[in-house]
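Notes for the structure review
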Amino acid sequence: MLNQYYIYIVTNASRTLYTGVTNDLQRRVYEHKSGRGSVFTKKYRITRLVYHEAYNDVRNAIAREKQIKGWRRSKKVVLIESQNPEWRDVSLDWLALR
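Report on the accompanying structure. Treat the numbers as computed from the prediction; the structure is a model and nothing was measured.

Describing the pairing of strand E1 (residues 5-11)
Among the seven residues of E1, seven are classified as buried, and the element is accordingly described as predominantly covered. Residues Tyr5, Ile7, Ile9 and Thr11 point to one face of E1 and Tyr6, Tyr8 and Val10 to the other, with burial holding for every one of them. Examined bridge by bridge, E1 and strand E3 (residues 48-55) share seven bridges and lie antiparallel to one another. Bridged to valine 10 within E3 is leucine 49. Across five bridges, the pairing between E1 and strand E2 (residues 18-22) is antiparallel. Residue pairing for E2: valine 10 is matched across the bridge by tyrosine 18. The antiparallel hairpin formed by E1 and E2 contains six residues in its connecting segment, where arginine 15 sits at a positive phi of about 65°.

Quick notes on the nonpolar core
Grouped together as the largest cluster of nonpolar side chains are 14 residues, with contacts concentrated most on Ile7, Ile9, Tyr51, Ile68, Leu79, Ile80 and Trp87. For this core, the secondary-structure elements that each account for two or more residues are E1, E3, helix H3 (58-69) and helix H4 (73-83). With sequence-adjacent residues up to four places away left out, tryptophan 87 is seen in contact with Thr11, Arg15, Leu17, Arg48, Val50, Arg73, Val77, Ile80 and Glu81.

What counts, and where the lines are drawn
- Residues numbered from 1 in each chain as written.
- Predicted model: local features only at pLDDT ≥ 70, side-chain atom pairs only at ≥ 80, totals over all residues.
- Heavy atoms only, no water.
- Buried < 20%, exposed > 50% of the residue type's maximum accessible area, 1.4 Å probe, protein only.
- Helix = DSSP H or I, 4+ residues; strand = E, 2+ residues; numbered from the N terminus.
- Pairing = 2+ DSSP bridges.
- Core = buried A, V, L, I, M, F, W, Y, C linked by side-chain atoms within 4.5 Å.
- Contact = heavy atoms within 4.5 Å.

In structure tokens:
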């Protein structure tokens, strides 16, 4: 079985952005939603998954996370809106299945 690694962007109602990497996207998003994701996401109530990419190699995922974190906000917005123009919480689809 291939390991999967994910880079993801989560946000809140004010569209504050947080970019992270994980090997279990559903678990990590659940942690953010329950206030256990990180100090930053808890403080700003960042709980909505608006973008993610999957990788088979953790090094590629980490490199992509660092690349995105180095971008200006405007470039991150373009990336999100290229896949999710409404900034919809895409995790709602699979969280409803739990």
